[in-house]
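# Examining the three-dimensional arrangement
Residue strings, one per chain:
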Amino acid sequence: MLNQSLAGYALSVLDTCDRAVALAEVLLEIGDVSRLPMYRDTRGIALSLTDDPLNYTQATEDLSSFIDFLKTPDAASTNYSKAQLAYFITARQAIIDRLKQAPPTPEQIEELKTKG
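Before going into details, it helps to say that this report is about the structure given with it. (Residues numbered from 1 in each chain as written. Predicted model: local features only at pLDDT ≥ 70, side-chain atom pairs only at ≥ 80, totals over all residues. Heavy atoms only, no water.)

## Notes on the overall build of the protein
Which entries qualify depends on this criterion: Only DSSP runs of H or I covering at least 4 residues are called helices, and only runs of E covering at least 2 are called strands; the numbering of each starts at the N terminus. What the globule rule says is 2.2 Å times the number of residues to the power 0.38, and the radius of gyration is computed from C-alpha atoms. Note on classification: 1.4 Å probe, protein chains only; a residue is buried when its accessible area is under 20% of the maximum for its type, exposed when over 50%, partly exposed between these limits. Any two residues whose heavy atoms approach within 4.5 Å at even a single point are treated as in contact. The Shrake-Rupley method, run with a 1.4 Å probe sphere, supplies the accessible areas, and residue values consider only the shown protein chains as cover. Charge counting treats Lys and Arg as positive and Asp and Glu as negative, with His and both chain ends excluded. For charged residues, the charge sits on one atom: NZ in Lys, CZ in Arg, CG in Asp, CD in Glu.
Per the secondary structure count, the protein includes 5 helices and 0 strands. Beginning at the N terminus, the succession of helices and strands in the protein can be written as α-α-α-α-α. Taking 116 residues into account, the globule formula puts the C-alpha radius of gyration at 13 Å, and the protein, at 13 Å, falls close to it. Seen through its C-alpha atoms, the protein measures out along the principal axes to roughly 35 × 30 × 20 Å. Buried residues in the protein amount to 42% of all 116 residues. Put simply, 54% of the contacts in the protein that link residues at least 6 apart link residues at least 24 apart. Split by element, the accessible area of the protein, about 6500 Å² in all, is 53% carbon and sulfur. Charge-centre separation for the protein: the mean point of 11 positive side chains lies 5 Å from the mean point of 16 negative side chains.

## Looking at the nonpolar core
Here is the rule we go by: Grouping buried Ala, Val, Leu, Ile, Met, Phe, Trp, Tyr and Cys residues that are joined through side-chain atoms within 4.5 Å yields what is termed a nonpolar core.
Of all hydrophobic cores here, the largest spans 17 residues; its most connected members are Ile45, Ala46 and Ile95. At the level of secondary structure, the elements contributing two or more residues to this core comprise α1 (2-29), α2 (35-48), α3 (53-70) and α4 (82-99). Ranked by residue count, the leading element in this core is α1, at 5 residues. Core analysis: the next-biggest nonpolar cluster, separate from the first, contains 8 residues, Phe69, Ala75, Tyr87 and Phe88 among them.

## Here's the deal with the packing of α4 against helix α5 (residues 106-115)
Put simply, the rule reads: A fitted line through C-alpha atoms serves as each axis, taken over the contacting stretch for helices, and the angle formed by two N-to-C directions is quoted from 0 to 180°. Should an angle fall under 35 degrees it is taken as roughly parallel, and over 145 as roughly antiparallel, whereas 65 to 115 is taken as roughly perpendicular and any remaining angle as oblique. We call a crossing left-handed when the near helix sits turned anticlockwise from the far one by less than a right angle, and right-handed when that turn is clockwise. Under the grouping applied here, Gly and all other residues not named as nonpolar or charged are polar, the nonpolar ones being Ala, Val, Leu, Ile, Met, Phe, Trp, Tyr, Cys and Pro and the charged ones Asp, Glu, Lys and Arg.
Between α4 and α5, whose axes approach to 12 Å, the crossing angle comes to 160 degrees. The pairing of α4 with α5 is recorded here as roughly antiparallel in orientation. Judged by the twist between their axes, the crossing of α4 over α5 is left-handed. Listed contacts from α5 to Tyr87, Phe88, Arg92, Ala94, Ile95 and Arg98 of α4 are Gln108, Glu111, Leu112 and Lys115. Class assignment of the residues belonging to the contact of α4 with α5 gives a composition of 5 nonpolar, 1 polar and 4 charged.

## Thoughts on the environment of leucine 54
If you trace the backbone, leucine 54 turns up in helix α3. Spatially, the C-alpha atom of leucine 54 lies 19 Å from that of glutamine 93, the residues being 39 residues apart in sequence.

What follows is the structure, encoded as structure tokens:
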């Protein structure tokens, strides 16, 4: 879903993102802690690319949730390196900061495509 969002199909994947988040909320109840933040991250990216300021609040909440998760010991379950986790935090914070001003720039979108 992230790749489709970055390829210009953010609006097309939002329903799937919402369903993935709903499923992950159920999985969280049985102890699967890593899926919800990951799916919220994907939905947050998609929402941030819709060019609809009404979606930016939810995008900010989703991306902030992902950042919060990456700062916990549970982030080790993702198998990302410390450097990758630090990059994700920085990149998502930059998107949040940008959403408070305007939509993501083409440069931010391209960086997400190449680095995640």
